[in-house]
Amino acid sequence: MSERGQFTTRIGAIAATVGSAVGLGNIWRFPYETGQHGGAAFIAIYLLCVIIMGVPVIVAEFIVGRKTHKNVCGALRELAPGKKLHWFSGICIAASIMIISFYSVVCGWIVEYLTKAISGGLSSGSTEDYSTMFGAFVTNPYRSVLWTVLFLLANYLVLKRGLKKGIERVANVMMPMLFILLIVFCVNSLMQPGAGEGIKFLFSPDFSAITPRVAIGAMGQAFFSLSLGLSCLLTYSSYFKDSDSLVKNATTVAILDTLVAVLAGIMIFPVVFSYGMTPEQGPKLIFEVLPAIFQQMPGGYVLAVLFFFLLFMASITSTISMSEISIAYFSEELKMSRNQASMLNTGIAIVLGSLCALSFGVLSGFTIFGMTLFDLFDYVSSNLLLPFGGIFFSVFVGWILDRSVVEDELSNHGKLKVRVVKPLIFCLRYVAPVSIVIVFLYGLGIVDKVLQLM
Ligand code: PFF
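Residues numbered from 1 in each chain as written. Predicted model: local features only at pLDDT ≥ 70, side-chain atom pairs only at ≥ 80, totals over all residues. Heavy atoms only, no water.

Observations concerning the state of the cysteines
No. 1: The full count for this structure, using the stated rule, is zero disulfides.
No. 2: C427 provides the cysteine sulfur closest to C49, a residue in no disulfide bond, and the two sulfurs are 12 Å apart.
No. 3: Left without a disulfide partner, C232 is nearest to the cysteine sulfur of C92, which lies 10 Å away.
No. 4: Note on C232: relative accessible area 2%, which makes it buried. (Disulfide = S-S within 2.5 Å. Buried < 20%, exposed > 50% of the residue type's maximum accessible area, 1.4 Å probe, protein only.)

Encoded structure:
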């Protein structure tokens, strides 16, 4: 066990896990989902999902990972001998590769915009100009592939250095920087004239905007944002020390992840309102609207550079964690060296990521079930495989795993007092699987059909 390594410190373990959770899901998706779906009412439902499903499933993955100190396949084999449940690791690896493939395309866009910001290429133009620029960029077959590949190579350079010198060190540096930058941006945003309107939009609840569909969207968002269901947290927790408190680690990760999401909202909306833009821009917000706003602000050049750097840090610490799932599997089950495993992971991601990047241009006509490859990977992984993984882990720990193993892991073999065992098991047995089944059916479009009938 010692040769596979452990995070050196508890802070390092938390930084890496928060690094996984904090990503495009928080800074890019959460603000516009909140903006479009009732502001504070959406946030309230999101928080509820984090508490009743998010934290329990994080703890479930942590129990399996830390108990066995193994990759997902080895861990399931050890904890459920003879039950053949390790087939599920195939799903985890497939899902993680799908996510990294489409996610790294957006990361590539971020790097392109970071270099543009540095070279002054984002310093003049209207939103229309930035729209045209963005459209021309994503449809260009070479540039978006090039940046996707370069991003994945940077990801590889961290991964091949291993757990302590690569993953932990990068997280220890990037996570504090990310928080500091976020706070700087929030202060700047709150100082803009008319910032109050953005804050009102973000925080005043409009319960009439909450439909079952929105509530279900909040659950899906919580899953993606917390990196749940594909054994990413299991893999990281397999590197936790036996003295770490799993419940404390899980709540810290959930709180920090949610805090970043809310801060991202504060960073973005007051500025958007203050400059007379509309918040319903959705995904285009960061590539078309914000660059146009930055160049009107004093210090806009620096703000644009720092903003895309912040996004870069948030995204690379997430892609590292997605890759680690298959790297742990390749090196422990297929006996590859760390470098070979990282190369294999990167090679697959480069091929599939490039195809996803081309989905916006030359391959836009290539569709499966009416979706481009980018959309298909996003849809299948986020809407189907992650919820399925959530059900798997909650049922596995809630129903299949021996209760004494759960209690032992939570209390570090009796050394810690844990008062939440009962509510946690209750959530894992009933609340989480039932709510996730609803998300799952929604992902399949079944909820929509039922709602139409009502
Ligand atoms: N949690 C990341 C985000 O919010 O962007 C995305 C993610 C990372 C999903 C790692 C899944 C994963 F395993």
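Here we look at the layout of surface pockets
No. 1: If you add up the space inside the largest pocket, you get close to 810 Å³.
No. 2: Lining the largest pocket are 33 residues, with R29, Y32, E33, D378 and S382 positioned closest to its centre.
No. 3: Those elements that provide at least two residues to the lining of the largest pocket are α2 (24–36), α5 (88–118), α10 (212–225), α16 (373–400) and α18 (421–443).
No. 4: Residue classes in the lining of the largest pocket are distributed as 19 nonpolar, eight polar and six charged. (1 Å grid on protein atoms, 1.4 Å probe; cavity = no way out; pocket = protein on both sides within 12 Å on 5 of 7 lines; lining within 4 Å. Points joined across faces, edges and corners; volume = space filled by probe spheres on them. Helix = DSSP H or I, 4+ residues; strand = E, 2+ residues; numbered from the N terminus. Nonpolar A, V, L, I, M, F, W, Y, C, P; charged D, E, K, R; others polar.)

A closer look at the site of the ligand
No. 1: Taken together, 15 residues surround the ligand, and among them A21, G25, Y103, F224 and S225 come closest.
No. 2: Here a nitrogen atom of the ligand sits 3.3 Å away from a polar atom, N or O, in the main chain of S20.
No. 3: A21 is positioned such that a nitrogen or oxygen atom in its backbone is 2.9 Å from a nitrogen atom of the ligand.
No. 4: In the complex, the protein chains occlude 100% of the 340 Å² of accessible area that the ligand would expose alone. (Near = heavy atom within 4 Å. Polar contact = N/O pair within 3.5 Å; in protein donor to acceptor, adjacent residues only side chain to side chain. Areas by Shrake-Rupley, 256 points an atom, 1.4 Å probe, with all protein chains shown as cover.)

Describing the packing of α5 against helix α6 (residues 127–139)
For any two helices packed against each other, the geometry is given by the interaxial angle and the distance between the axes.
No. 1: α6 packs onto α5 with a crossing angle of 130° between their chain directions and a minimal axis gap of 12 Å. Between α5 and α6, the crossing angle belongs to the class labelled oblique. Crossing of α5 over α6 shows right-handed handedness. Side by side, α5 and α6 meet where W109, E112, Y113 and K116 of the first sit next to Y130, M133, F134, F137 and V138 of the second.
No. 2: The residue inventory of the contact of α5 with α6, partitioned by class, reads seven nonpolar, no polar and two charged. (Axes fitted to C-alpha atoms, helices over the stretch in contact; angles between N-to-C directions. Parallel < 35°, antiparallel > 145°, perpendicular 65-115°, else oblique. Left-handed = near helix turned anticlockwise from the far one by under 90°. Contact = heavy atoms within 4.5 Å.)

Section: the side chain of S382
No. 1: Checked against the element boundaries, S382 lands in helix α16.
No. 2: For S382, a relative accessible area of 16% translates into the label buried.
No. 3: Setting aside chain neighbours within four positions, we find S382 in contact with F102, F224, F377 and P387.

Let's talk about helix α15 (residues 338–358)
Every α-helical turn comprises 3.6 residues, leaving residues that sit three or four positions apart pointing alike.
No. 1: Its 21 residues give α15 an end-to-end C-alpha distance of 30 Å, which sits within 8% of 30 Å, the value for a rise of 1.5 Å per residue.
No. 2: The set of residues buried in α15 consists of A341, S342, N345, T346, A349, G353, S354, C356, A357 and L358.
No. 3: In this fold, the buried residues of α15 make contact with α5, α6, α7 (141–160), α14 (300–333) and α16. (Expected span 1.5 Å × (residues − 1).)

Remarks on the confidence of the model for the chain
No. 1: The predicted model of the chain has a mean per-residue pLDDT of 91, with 98% of residues at 70 or higher.
No. 2: Taking the mean pLDDT of every element in the chain, the minimum, 76, falls on helix α19 (residues 446–453) and the maximum, 98, on helix α11 (residues 232–237). (pLDDT = per-residue confidence, 0-100.)

Some thoughts on helix α1 (residues 10–21)
No. 1: In a regular helix each residue adds 1.5 Å, so twelve residues correspond to 16 Å; α1 covers 16 Å between its end C-alpha atoms and thus fits that length.
No. 2: For α1, the tally of buried residues reaches ten of twelve residues, placing the bulk of the element in the interior.
No. 3: Taken as a whole, α1 has its buried residues at G12, A13, I14, A15, A16, T17, V18, G19, S20 and A21.

Overview of empty space enclosed by the protein
No. 1: Applying the stated criterion across every chain yields a total of three cavities of 30 Å³ or more.
No. 2: One number sums up the size of the largest cavity: a volume of about 150 Å³.
No. 3: For the lining of the largest cavity, the elements supplying multiple residues, two or more each, are α1, α2, α5, α10 and α14.
No. 4: Counting residues per element, the lining of the largest cavity draws most heavily on α14, which supplies four residues.
No. 5: The class makeup of the residues in the lining of the largest cavity is ten nonpolar, eight polar and no charged.
No. 6: Lining the second largest cavity are F185, N188, M267, I268, V271, L290, F294 and F307.
No. 7: Sorting the residues of the lining of the second largest cavity by element identifies α8 (162–190), α12 (246–274) and α13 (285–294) as the ones contributing at least two each.
No. 8: In terms of residue count, α12 provides more of the lining of the second largest cavity than any other element does, three residues in total.

Some thoughts on the nonpolar core
No. 1: Core analysis: the largest hydrophobic core is formed by 166 residues, its most contacted members being M267 and F396.
No. 2: The greatest single-element share of this core, amounting to 19 residues, is contributed by α5. (Core = buried A, V, L, I, M, F, W, Y, C linked by side-chain atoms within 4.5 Å.)

A closer look at the packing of aromatic side chains
No. 1: On inspection of all chains with the given rule, the structure shows 37 aromatic pairs.
No. 2: Taking 6.1 Å as the distance between ring centres and 65° as the angle between the ring planes, the aromatic pair formed by Y329 and F330 counts as edge-to-face.
No. 3: Ring centres 5.2 Å apart and planes at 45° place the aromatic pair F426 and Y430 in the tilted group. You can see F426 and its partner Y430 sitting in helix α18, four residues apart, about one turn around the helix.
No. 4: Residue F426 is classed as partly exposed on the basis of its relative accessible area of 47%.
No. 5: Assessed through its relative accessible area of 39%, Y430 is described here as partly exposed.
No. 6: Through a chain of ring-to-ring contacts, three or more aromatic side chains come together here, namely F102, W109, Y113, F134, F137, F185, F287, F294, F307, F308, F360 and F374.
No. 7: Lying over the aromatic face of Y113, K116 brings its terminal NZ or CZ to 5.5 Å of the ring centre.
No. 8: The ring centre of W399 lies 4.2 Å from the NZ or CZ of R429, which sits over that ring. (Phe/Tyr/Trp six-rings, centres within 6.5 Å; stacked < 30°, edge-to-face > 60°. Lys NZ or Arg CZ within 6 Å of the ring centre and 35° of its normal.)

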